[in-house]
Amino acid sequence: MIKNTWALAAAAALLSAPVAAQTDIGNVCESIPAIAAEQCVIVAQAVDAAQPQLGILMAGGNPTLGTASTGGVRLGLIPRVSLTGRINVVGARLPDIREEADGQTDKFTVPAPAVGANLSVGLTQGFSVAPMIGGFGAIDLLGSVSVLPLSLLGDEFGDNAFSWGAGARVGLVRESFVTPGVSVSLMYRSLGDVRFGEVCSGSEVAAGDNRSVCSTDGDFGEIEFGLDNWSARAAVSKRLLGLGLTAGVGYDRFETSADFAVRAPGPPVGTEQVYRFNEVGVDNDRWSAFIDGSFTILFGSIVAEAGWMQGSNAIQGFPSTSDFDPKDGTFFGSIGARLSL
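Residues numbered from 1 in each chain as written. Predicted model: local features only at pLDDT ≥ 70, side-chain atom pairs only at ≥ 80, totals over all residues. Heavy atoms only, no water.

Overview of a nonpolar patch on the surface
A cluster of nonpolar residues, Leu243, Phe295, Ile297, Leu298, Phe299, Leu339 and Leu341, forms a patch on the protein surface that exposes about 780 Å² of accessible area. Relative to the assigned elements, Leu339 resides in strand β14 (residues 330–340). (Patch = residues over 30% accessible without salt bridge, like charges linked within 9 Å, V, L, I, M, F, W, Y side chains within 5 Å. Areas by Shrake-Rupley, 256 points an atom, 1.4 Å probe, with all protein chains shown as cover. Salt bridge = Lys/Arg side-chain N within 4 Å of Asp/Glu carboxyl O. Helix = DSSP H or I, 4+ residues; strand = E, 2+ residues; numbered from the N terminus.)

Okay, here's the thing in structure tokens:
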């Protein structure tokens with residue numbers, strides 16, 4: 001009885017203990033002096049905008065370029081395999097955190113590339129729901145690897161980043177002479193750390209909580225993060241005489257624990273301080289749409305893809321006079337070659 005009483009008391013104490021508030025990108029700048037808060041919000045907005053754009057660069061639209069049809073299996077248990085090499089490109093847009101001209105935050109744009117490969121392996125054949133209408137419930141296993149060659153974009157970017165992913169696609173209808181291919185898929189992807197900007201290239205002297213003084217010049221913002229991505233896709237495809245068309249919609253969930261820094265006026269007045277923030281939570285959800293065109297000869301296909309991802313509202317406090325508008329969507333595209341066996 002006494003042991004049970006102590007156990008209940010301990011549980012009550014744990015439940016009543018205050019839980020530490022998780023810092024997120026929307027309120028992190030409230031902890032620094034007002035004189036530096038505006039520039040801090042600009043850098044925070046750059047983190048919030050960069051995360052989903054890098055995520056869609058890694059994920060792209062269709063997980064298997066040029067088709068929505070599941071592969072299934074052939075000759076008993078031998079699976080059908082599809083291997084795709086692809087180059088993804090995103091028209092990335094960010095608030096320019098490298099410099100600030102007369103209080104006006106410019107927009108920084110760059111075509112960001114990713115080079116990768118996708119693998120699809122048929123796991124189950126599915127079954128027919130009517131004559132010549134089959135593939136319902138067929139399952140393909142999906143895998144992906146890619147590299148983001150960010151070092152090619154300029155000195156303000158860090159080292160190249162690598163990503164990997166795994167998931168599955170479930171067929172609703174397998175493509176045939178009379179029916180299109182229809183499927184849904186879910187994949188998880190992970191991207192290593194990326195970096196943009198550098199607030200201090202020299203040494204820093206601590207000047208208080210998360211605050212320091214830098215001995216050299218630098219950008220007014222610096223961001224660094226990796227990300228996790230869950231991407232769901234629904235697509236339909238049809239081929240005729242070697243020409244194929246695929247259309248689909250996507251929903252992505254992006255999660256990040258970011259480090260960023262801002263170089264801003266003091267206090268004291270007349271000085272510049274560096275404020276650093278670590279493990280700031282950034283979560284974003286985005287809808288997207290894509291369309292693929294393909295040309296197939298025997299077992300090989302050449303594919304091009306174009307897509308668009310929605311934007312989002314600005315972080316509270318982000319200047320409305322900025323050239324960068326977070327509500328604008330992001331265009332992305334891919335080219336690739338697929339070998340199906």
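Some remarks on the layout of surface pockets
Taken as a whole, the largest pocket encloses approximately 530 Å³ of empty space. For the largest pocket, the lining is made up of 22 residues, of which Gly71, Arg80, Arg239, Arg338 and Ser340 are closest to its centre. Elements with a contribution of two residues or more to the lining of the largest pocket: β3 (81–95), β13 (300–309) and β14. (1 Å grid on protein atoms, 1.4 Å probe; cavity = no way out; pocket = protein on both sides within 12 Å on 5 of 7 lines; lining within 4 Å. Points joined across faces, edges and corners; volume = space filled by probe spheres on them.)

Side note on the side chain of Gln273
Position of Gln273 relative to the elements: it lies in strand β12 (residues 272–297). You can call Gln273 buried: its relative accessible area is 3%. A distance of 3.3 Å separates polar atoms of two side chains, one belonging to Gln273 and the other to Arg211. If we skip the residues at most four places from it in the chain, Gln273 touches Ala207, Arg211, Ser212, Val213, Val262, Arg263, Ala264, Pro265, Gly266, Pro267 and Pro268. (Buried < 20%, exposed > 50% of the residue type's maximum accessible area, 1.4 Å probe, protein only. Polar contact = N/O pair within 3.5 Å; in protein donor to acceptor, adjacent residues only side chain to side chain. Contact = heavy atoms within 4.5 Å.)

Topic: the nonpolar core
Within the largest apolar cluster, 54 residues are counted, with the highest numbers of intra-cluster contacts made by Ile223, Phe225, Phe260 and Phe277. Looking at this core, the elements with two or more residues in it are α2 (34–59), β3, β4 (107–124), β7 (181–196), β10 (221–240), β11 (243–265) and β12. For this core, the element with the highest residue contribution is α2, accounting for 14 residues. Non-local contacts of Ile223, meaning those with residues more than four positions away in its chain, are made with Val43, Ala46, Val47, Ala50, Ile97, Val194, Arg195, Phe196, Asp259 and Phe260. (Core = buried A, V, L, I, M, F, W, Y, C linked by side-chain atoms within 4.5 Å.)

A closer look at a negative patch on the surface
The grouping of Asp193, Glu224, Asp259 and Glu279 at the surface amounts to a negative patch. Examined against the element boundaries, Asp193 turns out to sit in strand β7. (Lys, Arg positive; Asp, Glu negative; His and termini not counted. Charge placed at Lys NZ, Arg CZ, Asp CG, Glu CD.)

Looking at the packing of aromatic side chains
Counted according to the given criterion, the structure contains 9 aromatic pairs. Ring centres of Phe108 and Phe157 lie 6.3 Å apart, and the angle between their planes is 40°; this geometry places the pair in the tilted category. In this pair, Phe108 sits in strand β4 while Phe157 sits in the loop between β5 (139–148) and β6 (161–173), placing the two residues 49 residues apart along the sequence. Side by side, Phe108 and Phe157 carry an identical accessibility label, which is buried. Taking the centre distance of 5.4 Å and the plane angle of 70° together, the rings of Phe127 and Phe136 count as edge-to-face. The class of Phe136 is partly exposed, set by a relative accessible area of 37%. Here a set of aromatic residues connected by ring pairs shows up, and it is made of Phe108, Phe157 and Phe196. (Phe/Tyr/Trp six-rings, centres within 6.5 Å; stacked < 30°, edge-to-face > 60°.)

Observations concerning the pattern of salt bridges
Evaluated as defined, the whole model comprises 11 salt bridges. Notably, a salt bridge pairs Arg98 with Asp96, separated by 2.8 Å at the nearest N-O pair. Here Asp140 ties to Arg169 by a salt bridge, and the two come within 3.0 Å at their closest N and O atoms. Within this pair, whereas Asp140 is found in strand β5, its partner Arg169 is found in strand β6, the two being separated by 29 residues in sequence.

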